[in-house]
Amino acid sequence: MSETLLRVSGLKTYFYTASGVSKAVDGVSFELNRGEVLGIVGESGSGKSVTSNSLIRLLPPRTGRIVDGEILFEGRNILTMSHKELLEFRGKEIATIFQDPMTSLDPVFKIGKQMVEMICAHQKVSKKEAREMAIHALKRVGIPEPEKRMEAYPYELSGGMCQRVIIAMAVCCKPKFIIADEPTTALDVTVQAQVLDLLKDLQKEMNTSILLITHNLGVVWEMCDKVMVMYAGNTVESADTKTLYSNPLHPYTWGLLDSIPRLSDETKGELRTIPGTPPDLRLTGKCCNFYNRCPYVTDKCCESVPPLVEVEPGHFVACHRQNGEERLVRGEVTHDAE
Ligand SMILES: Nc1ncnc2c1ncn2[C@@H]1O[C@H](COP(=O)(O)OP(=O)(O)OP(=O)(O)O)[C@@H](O)[C@H]1O
Ligand code: SF4
Ligand SMILES: [Mg+2]
């Protein structure tokens, strides 16, 4: 039986700004099993990064606050950990890979020094052993001449190489959980594929769980066991990857899927997008957040927030018109909605 590693329930993370309270994450729940890869997709500003940063309580101290919910990692509540426990947890059990590897690497220290220090901080090994571990990990992630690269500064390596170094650091710590927030967006296409393949290989090898945030639905298909679609701080649909692609049910998911460029597209290079803009996050939480952009909207969509309903086993959708009782058909806009 699959074992739950992470359980997030009703997570709400708000930002308290001079212009009001922004509900960046407003009641998100999900589970991640050991060895599983969960993809989070959604447009810019939908709350993907705030969700993942909340998992390690990495929020701006004065403005960002987790106001509700529970985050259990192997049964331990991350939200009640002391600062010391949190630092140890972040260092030993979780690795983070961000879009820009330079946010994780210090530009003034050599790669080798940074890796050795990180290994020694989290494992009881000598500097010599740590150095050997670092060289082995660099070799494992496909960095040529690893001994030589240990003496390089981050700026001397390409973006793809730096991202490999970050992954090598993760390999050394054998984390149970990797948060990868747009890990390849800054890299060119061929390097993207190599880095993702590497991540997938390592995930299988170490049975690590990964939370992968991406704009790219093709990457989700390749990498993820299950997917959560976010819109304006909420989950609007979640399912295992095959189900979501073969039977997507939320109008927003339809819009995202329709935005994937296809070679056969007759739009002649024009990228299709979902018309309209996401709502102001200070004003959400009263009705379906997608109502102003949804071709299927009816009066009842504006009466309350649609709950996330399990419409088939393991497939959850938050839409008043797609909740098991009523059934929307993709492309079939009713007169009421026009
Ligand atoms: N420090 C902050 N102060 C105020 N608002 C913030 C802060 N960080 C994020 N937000 C707001 O929270 C919302 C969600 O942001 P988040 O970074 O999670 O989006 P995202 O889905 O990761 O988008 P992207 O794809 O662009 O990375 C955004 O509207 C953003 O403006
Ligand atoms: S609840 Fe209404 S507005 Fe929201 S996604 Fe469903 S049909 Fe569209
Ligand atoms: Mg982000």
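Residues numbered from 1 in each chain as written. Chains lettered and ligands numbered in written order. Predicted model: local features only at pLDDT ≥ 70, side-chain atom pairs only at ≥ 80, totals over all residues. Heavy atoms only, no water.

Visitor: Looking at this structure, I do not really get the sheet that holds strand β1 (residues 4–17). What am I missing?
Guide: Two modes of strand pairing occur in sheets, parallel and antiparallel, and in both the strands are linked by backbone hydrogen bonds. Across the sheet, 4 strands lie side by side as β2-β1-β4-β5; this open sheet has antiparallel pairing. Of all strands in the sheet, those with a lone pairing partner are β2 (20–33) and β5 (76–77), marking the two edges. (Pairing = 2+ DSSP bridges. Helix = DSSP H or I, 4+ residues; strand = E, 2+ residues; numbered from the N terminus.)

Visitor: Honestly, the pairing of strand β4 (residues 64–73) in this entry has me stumped. Any pointers?
Guide: Regular strands have side chains that alternate between both faces of the sheet. As paired elements, β1 and β4 share 8 bridges and run antiparallel to each other. Bridging from a neighbouring strand, Y14 pairs with R65 of β4. Examined bridge by bridge, β4 and β5 share 2 bridges and lie antiparallel to one another. If you follow F73 over to β5, its bridge partner there is R76. Remark: 2 residues form the turn of the hairpin made by β4 and β5, two consecutive strands paired antiparallel; E74 in that turn has positive phi of roughly 50°.

Visitor: I keep staring at the site of ligand 1 and nothing clicks. Help me out?
Guide: Neighbouring ligand 1 are 14 residues; S44, G45, K48, S49 and V50 lie closest to it. Contact between ligand 1 and K48: an oxygen atom at 2.8 Å from a side-chain N or O atom of the residue. For ligand 1, the protein covers 64% of the area, taking 640 Å² as the surface of the free molecule. Of all elements in the fold, only β1 and α1 (48–55) reach the threshold of two or more residues within the shell around ligand 1. Among the elements that line the shell around ligand 1, the one with the most residues is α1, at 3 residues. (Near = heavy atom within 4 Å. Polar contact = N/O pair within 3.5 Å; in protein donor to acceptor, adjacent residues only side chain to side chain. Areas by Shrake-Rupley, 256 points an atom, 1.4 Å probe, with all protein chains shown as cover.)

Visitor: Got a minute to help me understand the packing of helix α3 (residues 111–122) against helix α6 (residues 159–173) in this structure?
Guide: If you want to describe how two helices pack, look at the angle between their axes and the distance between the axes. Close contact between α3 and α6 brings their axes to 10 Å; oriented N to C, the two are set at 25°. Classified by the interaxial angle, the pair formed by α3 and α6 is roughly parallel. The handedness of the crossing between α3 and α6 comes out as right-handed. Here α3 contributes I111, Q114, M115, M118, I119 and H122 to the contact with α6, which in turn contributes V165, A168, M169, C172 and C173. (Axes fitted to C-alpha atoms, helices over the stretch in contact; angles between N-to-C directions. Parallel < 35°, antiparallel > 145°, perpendicular 65-115°, else oblique. Left-handed = near helix turned anticlockwise from the far one by under 90°. Contact = heavy atoms within 4.5 Å.)

Visitor: Would you mind going over unusual backbone geometry with me for this structure?
Guide: What you tend to see is this: most non-glycine residues have negative phi, and most peptide bonds are trans. Notably, E145 is not glycine yet its phi reads approximately 50°, a positive angle. Along the chain, the position of E145 falls in the loop between α4 (127–140) and α5 (146–150). Residue N207 is not a glycine yet carries a positive backbone phi of 55°. Tracing the chain through its elements places N207 in the loop between α7 (189–206) and β8 (209–213). For N207, a relative accessible area of 44% corresponds to the partly exposed category. (Buried < 20%, exposed > 50% of the residue type's maximum accessible area, 1.4 Å probe, protein only.)

Visitor: Would you mind going over the sheet that holds strand β10 (residues 234–240) with me for this structure?
Guide: Strands sit in the order β6-β7-β8-β3-β9-β10-β12-β11 across an open sheet of 8 strands; the sheet is mixed. The open sheet is flanked by β6 (94–97) and β11 (309–312), the only strands paired with a single partner. Shown here is a sheet whose adjacent strand axes are inclined to one another by a mean of 20°, direction ignored. As defined by bridge partners, β11 adjoins strand β12 (residues 315–317) across 3 bridges and the pair is classed as antiparallel. Bridged to V309 within β12 is V317. In the packing of helix α2 (residues 83–93) onto the sheet, contacts are made with β6 and β7 (177–181), and the angle to β6 comes to roughly 70°.

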